Amino acid sequence: MTHSIKLAIIGLGYVGLPLAVEFGKKRNVIGFDTNSRRVEDLKKGIDYTLEVTKEKLKDSKNLEFTNTPDDLERCNFFIVTVPTPIDKQKKPDLKPLIQASKTIGHVLKKGDIVVFESTVYPGATEEQCVPILEKHSSLILNKDFFVGYSPERINPGDSEHDVTSIIKITSGSNEESSIIIDDLYNEIILAGTHRASSIRVAEAAKVIENTQRDLNIALINELALIFNKMDIDTSEVLEAARTKWNFLDFRPGLVGGHCIGVDPYYLTYKAQSIGYQPEIILSGRRLNDRMSTYVVSSFIKGMTKIHINLEKSKVLIMGATFKENCPDLRNSKVLDMISELREYSVAVDVFDPWISKDVLPENIDCEFVDNLENNKYDGLILAVPHKEFIQLDPASFRNLCKVNSVIFDLKSVLPIDSSDLRL
């Protein structure tokens, strides 16, 4: 039933590009993105997300890139993979999703199918996207066109769990469309699919995945705060607890990125809109959001304890992305730490070999350095354990600092005697 499908992927970021590349090995695919520079880079075989190599782009011979909406008129099956962030009030920001729906609505034809992969709250596809599609196409859902939801499960920077090796949840607005959607994904998903009974079930399944992870990390972060007050090393506690077969192996740390630090707010927003006030989810979110403040506060206390003049001090932060071995800066809590350190008049250098300077946020109040030569710091925070840092001799970190200095190993990856502070 999928042989006549002419496929378009809307949004070519961390989610859309790997998907487009895999489908491009099997069938003709149009990859659409509103960012003209992104499109031109991809045409040259350049992927700044580092999710797809130049060789893989070359192997996807049936994939073409465009930022021209009229090119989508050739397609009859659309997969939407645009971001779904939150605003300053921590409420869902659906503007990218709404704009994508408008773009598709203008080219939508009878018999077409639109599948959304962006993380949303249960009901968003049918309540927000479908009315826009109907308005701009003058077509009616399940009479003239069909929709589906198949949540993305991309893990940036993880080459082991790529798009083909993760089980894919699929769903459709009626039985026939759900079968077609499931069949299409099975062309590339080696791990297989799980066909949910409804779009709302598929939406809910996705949003709870990261909510559950967020809460588990919040618990471990709270335990770390308690153990630090008791002068007990958290990593040693976790190592001991891990010997029990059913202990859940989570580690303390900052929680940022485009998923775990964002998705729970979509669920709590929907819960509040239907009259339920979520307590546990929001409590975990608040705790995780405060961890950058805790880290900076502990670091500053450590510096003042050994009489370092904060106003004349300079510290080095190693790693700025939201997770290791990944160039993604979105919602990185390291950026929050930089702002908080600057409030103490501390000068900040940042070294991160995974970041290209042309993607740095505007007005960031620090210096991104290209190397670590000829610098001696009053303090150092190992914030992100990139592989380049883990491979260093532990003594290298102390050699970057003055004799009177503080090292904070935020992820507890160094030997315990190689740092002064850790979570």
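None of these values were measured; they are calculated from a predicted model.

About the thresholds
Residues numbered from 1 in each chain as written. Predicted model: local features only at pLDDT ≥ 70, side-chain atom pairs only at ≥ 80, totals over all residues. Heavy atoms only, no water. Helix = DSSP H or I, 4+ residues; strand = E, 2+ residues; numbered from the N terminus. Rg over C-alpha atoms; globule rule 2.2 N^0.38 Å. Buried < 20%, exposed > 50% of the residue type's maximum accessible area, 1.4 Å probe, protein only. Contact = heavy atoms within 4.5 Å. Areas by Shrake-Rupley, 256 points an atom, 1.4 Å probe, with all protein chains shown as cover. Axes fitted to C-alpha atoms, helices over the stretch in contact; angles between N-to-C directions. Parallel < 35°, antiparallel > 145°, perpendicular 65-115°, else oblique. Left-handed = near helix turned anticlockwise from the far one by under 90°. Nonpolar A, V, L, I, M, F, W, Y, C, P; charged D, E, K, R; others polar. Pairing = 2+ DSSP bridges. Core = buried A, V, L, I, M, F, W, Y, C linked by side-chain atoms within 4.5 Å.

### Observations regarding the overall build of the protein
If you tally the helices and strands in the protein, you get 14 helices and 14 strands. Relative to the globule expectation of 22 Å for 423 residues, the C-alpha radius of gyration of the protein, 23 Å, shows essentially globular dimensions. In terms of overall dimensions, the protein has C-alpha extents of about 75 × 50 × 40 Å along its principal axes. Looking at the protein as a whole, 54% of its 423 residues qualify as buried. Considering only contacts in the protein between residues 6 or more positions apart, those separated by 24 or more positions represent 72%. Per element, the accessible surface of the protein, about 20100 Å² overall, is 50% carbon and sulfur.

### Considering the packing of helix α11 (residues 291-305) against helix α12 (residues 333-343)
Contact pair α11 / α12: the axes reach a minimum separation of 9 Å and the direction vectors enclose 40°. As far as their axial angle goes, α12 and α11 are oblique. Between α11 and α12 lies a crossing of right-handed hand. Touching Ser 292, Thr 293, Val 295, Val 296, Phe 299 and Ile 300 of α11 are Lys 333, Asp 336, Met 337, Glu 340 and Leu 341, all from α12. When grouped by side-chain class, the residues that make up the contact of α11 with α12 number 6 nonpolar, 2 polar and 3 charged.

### Side note on the sheet that holds strand β6 (residues 146-149)
Spatially, 6 strands are ordered β3-β2-β1-β4-β5-β6 in an open sheet, and the strand pairing comes out parallel. Edge positions in the open sheet fall to β3 (63-66) and β6, since each of these has one partner strand only. Adjacent strand axes in the sheet meet at a mean angle of 20° when their direction is disregarded. As defined by bridge partners, strand β2 (residues 29-32) adjoins β3 across 4 bridges and the pair is classed as parallel. By the bridge assignment, Gly 31 is partnered in β3 with Phe 65. Here helix α1 (residues 16-24) sits on the sheet in contact with β1 (7-10), β2, β3 and β4 (77-80), set at roughly 165° to β1. Against the sheet, helix α4 (residues 95-105) engages β1, β2, β4 and β5 (113-116), with an angle of about 170° to β4.

### Digging into the nonpolar core
By size, the foremost hydrophobic cluster in this structure holds 37 residues, and its most contacted members are Phe 78, Val 80 and Val 114. The element that contributes the greatest number of residues to this core is helix α5 (residues 124-137), accounting for 4 residues. In terms of nonpolar packing, the next biggest core, distinct from the first, is built from 32 residues, Leu 254, Leu 329, Val 406 and Phe 408 among them.

### Comments concerning the environment of Cys 259
Of note, Cys 259 is situated in the loop between α8 (234-241) and α9 (263-273). Expressed as a C-alpha distance, the spacing of Cys 259 and Asp 231, which sit 28 residues apart in the sequence, is 33 Å. Ignoring any residue separated from it by four or fewer positions in sequence, one finds Cys 259 in contact with Glu 152, Asn 210 and Pro 264.

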